[in-house]
Amino acid sequence: MEKLRESQIKNSLLLLLASVVWGLAFVAQSVAGSNIGTFTFNGIRFIIGGICLLPFLRGHNVRPSKIPPNKLLGGVICGLALFLASTFQQAGIALGATAGQAGFLTACYIVLVPILGLFIGRKCSFLVWPAVAIALVGLYLLCDPLAGMGFSISTADLALLCCALLFSIQILCVDHYAPRMSPVALACVQFFVSGAVSLVAAIFFDFMPDPSAWINSLLEPTSWIAILYTGIFSSAVGYTLQAVGQRDLNPALASLIMSLESVFSTLFGWLILHQTMTGKEITGCLLIFSAVILAQIPTKKAQSGA
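Residues numbered from 1 in each chain as written. Predicted model: local features only at pLDDT ≥ 70, side-chain atom pairs only at ≥ 80, totals over all residues. Heavy atoms only, no water.

Caption draft 1: Region of interest: the confidence of the model for the protein. Averaged over the protein, the pLDDT score is 81; the fraction of residues at 70 or greater is 84%. Least confident of the elements in the protein is helix H14 (residues 300-304), whose mean pLDDT is 50; most confident is helix H9 (residues 211-218), at 92. (pLDDT = per-residue confidence, 0-100. Helix = DSSP H or I, 4+ residues; strand = E, 2+ residues; numbered from the N terminus.)

Structure, rendered in structure tokens:
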């Protein structure tokens with residue numbers, strides 16, 4: 001029992017470290033958003049993330065060329081979902097959302113996942129519904145409507161909300177296919193698929209409109225700092241910490257710890273990029289974070305229906 005307790009504390013700290021890594025990634029994405037195209041950035045970073053995971057396949061006795069087609073399909077589907085979700089996320093940041101706003105709006109997927117799960121026959125805690133109401137109030141405040149203008153959602157906010165919805169779908173896809181193949185192989189395949197599709201899109205939307213500007217954007221040192229950080233640390237290292245950290249931990253507790261990435265994204269945005277939020281926006285962030293926590297509290301009804 002004592003060893004289990006020590007293991008749980010250690011794994012909780014690993015997940016906390018993962019949330020720090022992911023929170024800092026929003027800052028890197030903010031830097032890249034002003035320098036490099038969305039598709040180019042995502043394409044290169046996901047390819048790097050996939051390459052970093054290749055050595056781990058041997059430890060799981062998996063060879064890329066030996067993955068069965070039916071299992072490979074799962075990685076392709078997850079990769080396409082990841083491509084769409086990450087595209088909307090990076091687009092929202094490029095359109096002007098701060099690292100903190102991006103982190104908290106993306107975190108809405110934790111509320112959306114159990115709701116979408118209802119459509120595939122998965123029961124959820126009754127606490128999800130008040131969590132949704134709280135998240136909506138937080139969203140209203142975070143979008144910071146102008147006085148006398150009514151509720152207003154910017155293009156950046158809308159892109160990040162689409163991102164949260166798409167990440168919810170991606171999470172459910174991973175949840176469906178992960179038991180059918182090695183988690184490392186699944187992550188590796190989805191990284192390569194997402195990266196390849198992003199690079200194809202980059203040719204049409206980033207390169208062809210202005211080749212010289214595209215080349216110049218890749219010559220910026222800050223662009224490569226952001227790409228390498230998100231590719232190596234956010235993708236490869238963050239995934240490894242998550243895979244190890246979730247062992248022997250209650251899934252609800254694991255989700256709560258990982259959702260702290262939204263808090264760290266705001267903190268790092270303030271410390272590094274000197275981004276600030278109004279009191280109304282900060283209140284909105286706190287309400288969304290409260291909704292995230294509430295949605296993850298297990299109840300007896302939800303546990304019995306699992």
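The structure having been displayed, the exposition proceeds.
Caption draft 2: Structural detail: the environment of Ser-290. Within the secondary structure layout, Ser-290 lies in helix H13 (residues 279-295). With a relative accessible area of 37%, Ser-290 lands in the partly exposed category. In this structure, the C-alpha to C-alpha distance between Ser-290 and Ala-131, residues 159 residues apart in sequence, is 7.8 Å. At a separation of 2.8 Å, a polar atom in the side chain of Ser-290 contacts the main-chain carbonyl oxygen of Leu-286. (Buried < 20%, exposed > 50% of the residue type's maximum accessible area, 1.4 Å probe, protein only. Polar contact = N/O pair within 3.5 Å; in protein donor to acceptor, adjacent residues only side chain to side chain.)

Caption draft 3: Molecular detail of the packing of aromatic side chains. In this structure the tally under the stated criterion is six aromatic pairs. Considering the side-chain rings of Phe-46 and Phe-191, the 5.8 Å spacing of their centres and the 20° angle between planes classify their relative orientation as stacked. Here Phe-46, found in helix H2 (residues 38-59), pairs with Phe-191, found in helix H8 (residues 183-207); they are 145 residues apart in sequence, far enough to count as distant. Of the two residues examined, Phe-46 and Phe-191, each falls in the buried class. Taking 5.2 Å as the distance between ring centres and 85° as the angle between the ring planes, the aromatic pair formed by Phe-207 and Trp-214 counts as edge-to-face. With relative accessibility at 25%, the residue Trp-214 sits in the partly exposed group. These aromatic residues form a ring-pair network of at least three members: Phe-39, Phe-83 and Phe-205. A cation over an aromatic ring shows up here: Arg-45 above the ring of Phe-46, its NZ or CZ 4.5 Å from the ring centre. (Phe/Tyr/Trp six-rings, centres within 6.5 Å; stacked < 30°, edge-to-face > 60°. Lys NZ or Arg CZ within 6 Å of the ring centre and 35° of its normal.)

Caption draft 4: Quick look at unusual backbone geometry. Unlike most non-glycine residues, His-274 shows phi in positive territory, near 60°. Inspection of the secondary structure assignment puts His-274 in the loop between helix H12 (261-272) and H13.

Caption draft 5: Just the state of the cysteines, in detail. Per the stated rule, a full pass over the model turns up zero disulfides. Free of any disulfide, Cys-162 has its nearest cysteine sulfur in Cys-163, 8.8 Å distant. (Disulfide = S-S within 2.5 Å.)

Caption draft 6: Highlighting helix H5 (residues 109-117). When you tally the buried positions in H5, you get seven out of nine residues, the bulk of the element. Among the residues making up H5, those that are buried are Tyr-109, Ile-110, Val-111, Val-113, Pro-114, Ile-115 and Gly-117.

Caption draft 7: Quick peek at the environment of Leu-24. Residue placement: Leu-24 occurs in helix H1 (residues 2-33). Overall, Leu-24 belongs to the partly exposed group, its relative accessible area being 25%. For the pair Leu-24 and Ser-265, spaced 241 residues apart in sequence, the C-alpha separation works out to 5.8 Å. Apart from the residues within four sequence positions on either side, Leu-24 is in contact with Tyr-229, Phe-268 and Ile-272. (Contact = heavy atoms within 4.5 Å.)

Caption draft 8: Here's a closer look at the packing of H5 against helix H7 (residues 155-177). Taken N-terminus to C-terminus, the directions of H5 and H7 make an angle of 55°; their axes are 8 Å apart at the nearest point. Comparing the axis directions of H5 and H7 gives the class oblique. The handedness of the crossing between H5 and H7 is right-handed. Residues Tyr-109, Leu-112, Val-113, Leu-116 and Gly-117 of H5 form the contact with H7, whose own contacting residues are Ala-164, Leu-165, Phe-167, Ser-168, Ile-169, Ile-171 and Leu-172. Taken together, the residues of the contact of H5 with H7 sort by class into 10 nonpolar, two polar and no charged. (Axes fitted to C-alpha atoms, helices over the stretch in contact; angles between N-to-C directions. Parallel < 35°, antiparallel > 145°, perpendicular 65-115°, else oblique. Left-handed = near helix turned anticlockwise from the far one by under 90°. Nonpolar A, V, L, I, M, F, W, Y, C, P; charged D, E, K, R; others polar.)

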